[in-house]
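Here is what each chain is made of, one letter per residue.
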Amino acid sequence: MGIKAAKRKLETGKATQKSKKAKVVEPVESSEASEASSSEDISDSSEDELDQINTSGVQPEDDDEESEADELDELDKMSEDDNDDEKDAEDDDEDDEDEEQQNDDKPKVSPEERAKARKEQKEELKKRKLQRKAGTEVQQIKKLWEKLRCTKPVPSKEERDKLANEIWTLSQDVILDLVLKHDASRVVQTLVKYSPQERRDKIVTALKGHFYDLATSAYGKYLLVKLLHYGSKNAKQMVINELHGKLRKLMRHREGAYVVEDLFVLYSTQAQRKQMMREFWGSEYAVFKESGQDQTVVDVIHSSSEKKHLIMTNLYGTISASVNKGSTGFQILHAAMKEYVACLVDDVEANNSQIREFVELLQEQVAELIHTPEGSDVACTLIALATAKERRNIVKHLKSHAADMVKNEHGNLVLITLYMVTDDTVMLTKAFGEELYGPEVLPGVVVDKWGRRAPLYILRGLDKRYFNPRVQALLKGYETLAYAHTTKKPQDKRQAELREAMVPMFYSSILALGDDFSSFFSENLAAQFITELILTPGDYPQRQELLDKVVEVSTSGDVREDHHLLNHAVFVSRALKSLIQGTQYKFNHESKKVEKVDGVDAIPGTGVDLAERIAKDIDVAQWVAANQGAFTVVALYEVLSLAKSSEAKKLQKQVKKLAKTIKEDTDNKGAQLLLEIV
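Residues numbered from 1 in each chain as written. Predicted model: local features only at pLDDT ≥ 70, side-chain atom pairs only at ≥ 80, totals over all residues. Heavy atoms only, no water.

As annotated in an unreviewed UniProt entry, the chain carries the name PUM-HD domain-containing protein and is attributed to Diutina rugosa.

Asks: Got a minute to help me understand the environment of K549 in this structure?
Replies: Tracing the chain through its elements places K549 in helix α34 (residues 543-555). Placed 28 residues apart in sequence, K549 and F521 show a C-alpha to C-alpha distance of 9.8 Å. (Helix = DSSP H or I, 4+ residues; strand = E, 2+ residues; numbered from the N terminus.)

Asks: Please clarify how the pattern of salt bridges should be interpreted in this entry.
Replies: When the charged atoms of two side chains with opposite charge come close together, those side chains can pair. Tallied over the full model, the rule gives 13 salt bridges. Among the ionic pairs, E146 bridges to R149, the shortest N-O distance being 3.3 Å. Relative accessible area serves as the criterion here: at 25%, R149 is assigned to the partly exposed category. Shared partners join several salt bridges into a network, and the residues in it are R460, D463, R465 and E532. (Salt bridge = Lys/Arg side-chain N within 4 Å of Asp/Glu carboxyl O. Buried < 20%, exposed > 50% of the residue type's maximum accessible area, 1.4 Å probe, protein only.)

Asks: Explain the UniProt feature "repeat: Pumilio" (unreviewed entry) in the chain here, please?
Replies: UniProt's feature table lists "repeat: Pumilio" (unreviewed entry) at residues 169-205, 206-241 and 242-278, given in the numbering used throughout. Between the end C-alpha atoms of residues 169-205 there is a gap of 16 Å, over a span that is 76% helix and 0% strand. Helix makes up 73% of residues 242-278 and strand 0%, whereas the separation of the span's terminal C-alpha atoms amounts to 16 Å. (UniProt positions renumbered as here; feature names shortened; annotations may be inferred.)

Asks: Got a minute to help me understand unusual backbone geometry in this structure?
Replies: For residues that are not glycine, phi is negative in most cases, and the peptide bond is trans in most cases. Here the residue pair K152 and P153 is connected by a cis peptide bond, since its omega of -5° sits within 30 degrees of zero. Along the chain, P153 falls in the loop between α7 (135-148) and α8 (157-171). Positive phi values are uncommon outside glycine, yet K592 reaches one of about 60°. With respect to the element layout, K592 can be found in the loop between β1 (585-588) and β2 (593-596).

Asks: Quick question: what am I supposed to make of the confidence of the model for the chain here?
Replies: Regions with low pLDDT carry predicted coordinates that are not meant to be interpreted in detail. A residue-level look at the chain finds 82% of positions with pLDDT of 70 or above and a mean pLDDT of 83. Considering only residues more than four positions removed or in separate chains, one finds that residues 1-90, a stretch of pLDDT under 50, has 91 contacts. (pLDDT = per-residue confidence, 0-100. Contact = heavy atoms within 4.5 Å.)

Asks: Can you walk me through helix α10 (residues 182-193) in this structure?
Replies: The periodicity of an α-helix, 3.6 residues per turn, causes residues three or four positions apart to be oriented the same way. Taking 1.5 Å per residue as the helical rise, α10 with its 12 residues ought to reach 16 Å, and the 17 Å between its terminal C-alpha atoms agrees with that figure. Of all 12 residues making up α10, nine are buried, and the element is well covered by its neighbours. Within the sequence span of α10, burial applies to D183, A184, S185, V187, V188, Q189, T190, L191 and V192. (Expected span 1.5 Å × (residues − 1).)

Asks: Sorry, what's going on with a nonpolar patch on the surface here?
Replies: There is a patch of nonpolar side chains on the surface, built from F631, L673 and I677 and spanning about 210 Å² of accessible area. Summarising the element assignment, F631 is placed in helix α39 (residues 627-642). (Patch = residues over 30% accessible without salt bridge, like charges linked within 9 Å, V, L, I, M, F, W, Y side chains within 5 Å. Areas by Shrake-Rupley, 256 points an atom, 1.4 Å probe, with all protein chains shown as cover.)

Asks: Please clarify how the side chain of S376 should be interpreted in this entry.
Replies: Counting through the fold element by element, S376 comes out in helix α23 (residues 373-385). For S376, a relative accessible area of 3% puts it in the buried group. Setting aside chain neighbours within four positions, we find S376 in contact with L369, I370, H410, L413 and V414.

Asks: Looking at this model, I keep getting lost on the packing of aromatic side chains. Mind explaining?
Replies: The description of an aromatic ring pair rests on the distance of the ring centres and on the angle between the ring planes. For the coordinates displayed, the defined rule picks out 10 aromatic pairs. Centre to centre, the rings of Y316 and Y340 are 5.7 Å apart; their planes meet at 40°, and the pair counts as tilted. Taken together, the residues Y316 in helix α20 (residues 305-324) and Y340 in helix α21 (residues 331-346) connect sequence positions 24 residues apart. Note on Y316: relative accessible area 17%, which makes it buried. An angle of 70° between the planes, with centres 5.6 Å apart, marks the rings of F506 and F529 as edge-to-face. Residue F506 is located in helix α31 (residues 491-511), and its partner F529 is located in helix α33 (residues 524-534); the two are separated by 23 residues in the primary sequence. Exposure class is identical for F506 and F529. Each is buried. (Phe/Tyr/Trp six-rings, centres within 6.5 Å; stacked < 30°, edge-to-face > 60°.)

Right, here's the structure in full:
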């Protein structure tokens, strides 16, 4: 064995010797350790402590000086025999035997001794728990609690009320000592859940003056939220009043931030929310609850430049501290951000440096804002005010969240805002093209209540059929803000570029459905989207292929059967009717008639072309006999008549031959309407 190998072996030997030294683990006497045990099964947690204590046995100590001398002698001996390989092998074998012998010499603890030690430790642990404040009551209460929270079987109401009464009798005088402990706090939570309102109010009153301590406690915060959930209106107001003036401090606390969030989102009225938000403006509003009560933050900053500086500094300080602590997703923080953004937008030119600073703070966190109305408004406003470089960074961090964002009630507005104000449409296509409109994703997006908005915006802009007036006003406000400061490209050019890039993806993804197209088209929102896609102007070679599939699944088979697509999904007949009318024919709601629209180009394959195609292919008698089929024939006849097509006269003759049958079928409203028109 060589010198280097011997040294490595020597170092290993030293580590082994050190690990063999005895370490006596003293029993844990801290009450905190026992309080951290699981309240679900106190005996199990006790055994865990005992296992930890007893796994370390007492080992005999080695003499350090003798050990070092032996190792040096061994090293000298190995150096002298450096070239003797056989001797090296023998030495290795001897070393292994020595180690085995040392292991055999260790004292072993018998199972009986181990069991006895465990029993002693259990008894000691039990004594310590009983010696704690209200220790006896806690042990009695826990036994009752185990029965109260039992779910298999569920206690009867009478039994549950009896258990709750017994727990209350034992705990009402020591309630304050229970609520900050892990296991006992859960007992009080269950008591609150199964108590009448009168007792809940008593618990709230007993804890009055300690709500801040509960909010900042790792265990007490759950009880406070429970009190807010089950508490009366007066109880909630009591909690809010006591925490008033401390909300900014709680927002920076790891535990307290969650309580403030629940209080704001779930348990506050609109007036209480405004009261909570004013506290973020500064100390004056935290101390005096009525200060600024009937004013918005913009009204206040207009009253004084000093107040403006103070409010903006306080808002930004709270926001930046919370963001740095990882609380960006809280809705109350989004509301504070909205207040700050309102101050920034009030004078964009003067606040340009603060805007750049705020965008830099949040550009990597935008994905955590978009799920709330306040956060969405903040994100859209920042996107409108961002420079081209800042928008690229925002898009970069939103890309991986695109699928969730587009289907979110508020998140889809952020995506549409990007479509409306971003000049670099190539970047948008790369970021959100395949992520949202690929074959695996698009079908799910277009049938989602919120997800369909984004692709419909690409096809139709802010059409009032898909965007209500409130949403239109919001989006146009962001557009106006962007064009006033950063956006340059004309809107019609941007929309044309988006359609040119995205629409072919729409066609490819829908055609990739193959045999699943029929079931996809039978969904209302899907049929609506396909109709809008086909009627979108532009030169798209795949349009005719998609139109052929629509005609095939809509007209094939016996339309009188209930399982036919027109009868199974009535909105398919509406889609077919829209395609038959195309872009040149529209229903006038005032005259109650279909009229020709002037100055509009026809979409290839739709309108008169589609009407003539279907009229030639269908069995008119079958379609008239079916209610939905009859309505489709009505649309065919109206368009063909206005276009003065020869197919209109053929259709008219066929319907007149069926006049007698139609008159007898009084329940067929479509056929009755058709006979009236013809």
